[in-house]
Amino acid sequence: MTSVQGARARARIEITAAIKDEARAQLAAEGAAKLSLRAVAREVGMVSSALYRYFPSRDDLLTALIVDAYDAVGAAAEQALADSRAVTAPNDHLARWTAVCRAVRAWAVEHPHEYALIYGSPVPGYSAPKDTIGPASRVALVLIGIAREAFTSDGIAPPPVPAAMRTEAERMAADFARDLPPALAVAMVTAWSQLFGLVSFEVFGQFNRVVEDRETFFTTAAARLGRDIGLLPRP
C-alpha cells in the first residue's frame, strides 16, 4: 500500500468513526426510528451525497451501529470470562457465570442507548441482515461455553425437561449445542432470556422505586440463574 493509499484508508476510518459517533448521538437524542442520514451528514460537515459513499442507506448505518453494539457487549462478556479464569478455581463455574452476567449488565448500564438499539423495541421498517447474527451470538456463546465446561467436568446438573417440551428441547440442542443434553439447552435459553430481562428492567426504568441496591440485586439474581441451569457449587 502506497503512502497515499494509506492516508486515504486512515481518512476513511476516521470519517466512518465520526459518522457513527454522530449517529449514536442522534440515537440518544431522538431514538433509532428517527435516525436520519441527512441530519448526520449535516452535523459532521458533509453533504449527504458524500455520506452515501460510506453508508448507502439508513439501514446500512443502523446495521453498522448494531454490529458495533453486539460486538462491544460480546467483548465485555469475553473479557470478563478471561479475567475470572485468572482469579477463580478451575471448577468454579458459577463464579465465572456470574462474572460474565455482571459484565453484560455493566456494559448496558454504561451504554443504555446502544443497549436499547439491540434489545429494545424493533426499529420500524428495519430488518436485520445476516451480518448481525455472529456478533449477536457472542454473549450466548460465552455462557454456553461455561455450561459446556461444567458439563464435561460433571459440574452441572440441569433440571429435567417436561415431556411436552422434549421435541422442542431436542431441536434447540441440535440447533446451537449438539454436544449438550437437550435439558441443558432448554435451561440455557431460559436463563439467557431472564438475564436480558433483568438487564432491560434496569436499563428501561422498571426497577425505579422497586430495587435500590441494583448491583447487589443483580449479582444475586445472576448467581441464581446459574444455579437454575444446574451449575453446582464449587466442591
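All of these numbers come straight from a predicted model, not from anything done at the bench. Every chain is numbered on its own, with residues counted from 1 as its sequence reads. It should be noted that, the model being predicted, local features are given only for residues of pLDDT at least 70 and side-chain atom pairs only at 80 or more, the latter also being counted only at that level, while totals for whole chains, interfaces and linings use all residues. Side-chain figures throughout are based on the complete set of non-hydrogen atoms in the structure, without hydrogens or water.

**Student:** Can you help me understand the overall build of the protein in this one?
**Tutor:** Strands here mean DSSP runs of E at least two residues long; helices mean DSSP runs of H or I at least four residues long; both are numbered from the N terminus. Helix and strand counts for the protein come out as eleven helices and zero strands. Along the protein, helices (α) and strands (β) appear in the sequence α-α-α-α-α-α-α-α-α-α-α when read from the amino end. Overall size of the protein, expressed as C-alpha extent along the three principal axes, is 60 × 50 × 40 Å. Throughout, exposure labels follow a simple rule: accessible area from a 1.4 Å probe, protein chains only, divided by the maximum for the residue type, with under 20% read as buried, over 50% as exposed, and the rest as partly exposed. Out of the 235 residues in the protein, the part that is buried amounts to 42%.

**Student:** What is the right way to read the environment of H93 from this model?
**Tutor:** Take H93: it is sitting in helix α5 (residues 93–110). Sequence spacing of H93 and L231 is 138 residues, and the spatial spacing of their C-alpha atoms is 6.9 Å. Contacts are assigned to residue pairs that have any heavy atoms within 4.5 Å of one another. Excluding residues that lie within four positions of it along the chain, H93 makes contacts with I146, E149, A150, S153, G155 and L231. Think of a polar contact as two N or O atoms within 3.5 Å of one another; within protein, one of them needs to be a possible hydrogen donor and the other a possible acceptor, and neighboring residues in sequence only count if both atoms come from side chains. At a separation of 3.1 Å, a polar atom in the side chain of H93 contacts the side chain of S153.

**Student:** Is there a simple way to explain helix α8 (residues 138–152) in this structure?
**Tutor:** Given 3.6 residues per turn, any residue in an α-helix points the same way as the ones three and four places further on. Given a helix with a known number of residues, its expected span is that number minus one, times 1.5 Å. Here α8 is 15 residues long and its end C-alpha atoms lie 21 Å apart, about the 21 Å a rise of 1.5 Å per residue gives. Along α8, the residues classified as buried are V139, V142, L143, I144, G145, I146, A147 and A150. Looking at the packing, one finds that the buried side of α8 touches α4 (58–87), α5, α9 (166–176) and α10 (182–203). Following α8 by one or two positions, D154 has its phi on the positive side, about 60°.

**Student:** What am I meant to see in unusual backbone geometry here?
**Tutor:** With the exception of glycine, the majority of residues adopt a negative phi angle, and the majority of peptide bonds are in the trans configuration. Its identity as a non-glycine residue notwithstanding, D154 has a phi of 60°, on the positive side. Positionally, D154 belongs in the loop between α8 and α9. For D154, a relative accessible area of 67% puts it in the exposed group.

**Student:** Hey, could you run me through the packing of α5 against α10 in this one?
**Tutor:** Packed helix pairs are specified by the crossing angle of their axes together with the interaxial distance, meaning the distance between the axes. Comment: axis = line fitted to C-alpha atoms, over the contacting stretch for helices; angle = value between 0 and 180 degrees taken between N-to-C directions. At a closest axis distance of 10 Å, the pairing of α5 and α10 adopts a crossing angle of 35°. With respect to the hand of their crossing, α5 and α10 are arranged in right-handed fashion. From α5, W97, C101, V104, R105, A108 and V109 reach across to α10, where they touch M188, A191, L195, F196, V199, E202 and V203. Residues were grouped as follows: Ala, Val, Leu, Ile, Met, Phe, Trp, Tyr, Cys and Pro as nonpolar; Asp, Glu, Lys and Arg as charged; and all remaining residues, including Gly, as polar. By residue class, the composition of the contact of α5 with α10 is eleven nonpolar, no polar and two charged. Left-handed describes a crossing whose near helix is turned anticlockwise from the far helix by less than a right angle; the clockwise case is right-handed.

**Student:** Quick question: what am I supposed to make of the confidence of the model for the protein here?
**Tutor:** Fine structural detail should not be taken from predicted coordinates in areas where pLDDT scores are low. A residue-level look at the protein finds 97% of positions with pLDDT of 70 or above and a mean pLDDT of 93. Element-level pLDDT for the protein is lowest in helix α1 (residues 3–30), with a mean of 85, against a maximum mean of 98 in α5. The score called pLDDT rates the predictor's confidence residue by residue, from a low of 0 to a high of 100.

**Student:** I tried to follow the nonpolar core on my own but got confused; where do I start?
**Tutor:** Buried together is how nonpolar side chains tend to be arranged in soluble globular proteins. Put simply, buried Ala, Val, Leu, Ile, Met, Phe, Trp, Tyr and Cys residues joined by side-chain atoms within 4.5 Å make one nonpolar core. Membership of the largest hydrophobic core comes to 64 residues, with the highest contact counts inside it found for L61, W97 and I229. If you tally residues by element for this core, the top one is α4, at eleven residues. Membership of the second largest hydrophobic core comes to seven residues, among which are V161, A169, A185 and V186.

**Student:** Honestly, the packing of aromatic side chains in this entry has me stumped. Any pointers?
**Tutor:** The way to describe two aromatic rings as a pair is by their centre distance and the angle between their planes. Only Phe, Tyr and Trp rings take part, Trp by its six-membered ring, and two of them pair if their centres are within 6.5 Å. Stacked means planes under 30 degrees apart, edge-to-face means over 60, and tilted covers everything else. What the rule picks out here adds up to seven aromatic pairs. Aromatic side chains Y115 and Y119 sit 5.1 Å apart centroid to centroid with 35° between the ring planes, which places their arrangement in the tilted category. Separated by four residues within a single helix, Y115 and Y119 lie in helix α6 (residues 112–119), roughly one turn from each other. With relative accessibility at 1%, the residue Y115 sits in the buried group. Between W192 and F196, the ring centres sit 5.8 Å apart and the planes meet at 65°, which makes this aromatic pair edge-to-face. Taken together, the residues W192 and F196, both in helix α10 and four residues apart, mark about one turn of the helix.

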